[in-house]
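A closer look at the structure
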Amino acid sequence: METIRQIALTEHKLKGNSVLSEIRFRPATDADCLFAYELKKAVDFDLLTLEHGWDEELQWALHQHEWNTGLPTVICHQDKPIGTYMLLEKRDQIYFSRFFILPNYQNQGIGRKVMEYVIRYSKQTGKPCSLSYLKDSHAGSLYKRMGFEIYREESPFIYTRYTPTKC
C-alpha cells in the first residue's frame, strides 16, 4: 500500500504586513466542509462557468468526494477561516491542491507566503511538487513566479511542477 502523508503549516506563523502577522493555520474538521465548498465556489465559480457552466449538484458531489479523500489545512485570519490548501507527500513527489483564498484576502501576500513554504519543503525533501489550476486563474502568475513550470495543458486545467535544484 502506498504511503501518503499530509503536510501542514499548523504551527507556522507568517511574518510580514499586519494581515500576514495575523494568519494562522489549522487542520480542517468536518465542520469546515461547507466553508470549503463555498470558498471554492467564491474563487472558481466565474472560471468554471466560462468553461463549462456551473452544475451545483455536480460541484457539490465533486467537493464531497475530495473532502472524503482527506481534509485540507484551513488558513485563518484572526481565527476566521479565509482559505484552504492541501499538501500531500507520496513516495517521490509532493502534491499541492485545494488552494483557495477568499477574494477579499487575495493580493495581500498570503498566497506567496504559503507557496514559499511549499517551495522550502520541496527543497528540504528534494522532491518535486506538482499542482494544477484552472487555465484563466490569476494564481497561475504566482505559480510561475515561484518557479513552477507547465508540463501539460488539458482544458480547463494547467498542470505544473516545481523541481528543486540539487546542491
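Conventions used here
- Residues numbered from 1 in each chain as written.
- Predicted model: local features only at pLDDT ≥ 70, side-chain atom pairs only at ≥ 80, totals over all residues.
- Heavy atoms only, no water.
- Helix = DSSP H or I, 4+ residues; strand = E, 2+ residues; numbered from the N terminus.
- Buried < 20%, exposed > 50% of the residue type's maximum accessible area, 1.4 Å probe, protein only.
- Core = buried A, V, L, I, M, F, W, Y, C linked by side-chain atoms within 4.5 Å.
- Contact = heavy atoms within 4.5 Å.
- Salt bridge = Lys/Arg side-chain N within 4 Å of Asp/Glu carboxyl O.
- Phe/Tyr/Trp six-rings, centres within 6.5 Å; stacked < 30°, edge-to-face > 60°.
- Lys NZ or Arg CZ within 6 Å of the ring centre and 35° of its normal.
- Pairing = 2+ DSSP bridges.

Time to look at the environment of Gly70. Relative to the elements of secondary structure, Gly70 occurs in the loop between α3 (56–69) and β3 (73–77). Under the relative-accessibility criterion, Gly70 is labelled buried at 18%. Taking the C-alpha atoms as reference, Gly70 lies 8.6 Å from Met86; in sequence the two are 16 residues apart.

Generally speaking, a soluble globular protein has its nonpolar side chains buried in company with each other. By size, the foremost hydrophobic cluster in this structure holds 33 residues, and its most contacted members are Ile75, Leu87, Phe96, Phe99, Ile110, Met115 and Phe148. Going through the elements one at a time, α1 (18–21), β2 (23–27), β4 (80–90), β5 (93–101), α4 (110–125), β6 (129–134), α5 (139–145) and β8 (157–162) are the ones with two or more residues in this core. Top element by residues in this core is α4. It accounts for seven residues. In this structure, Phe148 is in contact with Met115, Ile119, Cys129, Leu131, Tyr143, Thr160, Arg161 and Tyr162, ignoring residues within four places of it in sequence. By size, the runner-up hydrophobic cluster in this structure holds six residues, among which are Ala28, Ala36, Trp67 and Cys76.

Below, the discussion takes up the pattern of salt bridges. Overall, the coordinates contain six salt bridges when judged by the stated rule. One salt bridge in this structure joins Lys113 and Glu116, with 3.7 Å as the shortest N-O distance. Here Glu116 and Lys113 lie together in helix α4, a separation of three residues that amounts to about one turn. Glu154 is paired through a salt bridge with Arg152; the nearest N and O atoms lie 3.4 Å apart.

With the rule as written, the count across this model stands at 12 aromatic pairs. Pairing Phe157 with Tyr159 gives two aromatic rings, centres 6.3 Å apart and planes at 55 degrees, and the pair type is tilted. What makes Tyr159 buried here is its relative accessible area of 17%. The residue whose ring lies beneath Arg152 is Tyr159, and the NZ or CZ to ring-centre distance is 4.0 Å. Against the face of Tyr151 rests Arg161, its NZ or CZ located 4.0 Å from the ring centre.

Where β3 and β4 come together, five bridges link them in antiparallel fashion. Among the inter-strand pairings, Thr73 is bridged to a residue of β4, identified as Tyr85. Between β3 and the antiparallel strand that follows it, β4, lie two residues; Gln78 among them carries a positive phi value of about 50 degrees. The pairing of β4 with β5 spans seven bridges and is classified as antiparallel. Among the inter-strand pairings, Lys90 is bridged to a residue of β5, identified as Gln93. Where β4 folds back onto β5 in an antiparallel hairpin, the turn is made up of two residues, including Arg91, whose phi is positive at roughly 20 degrees.

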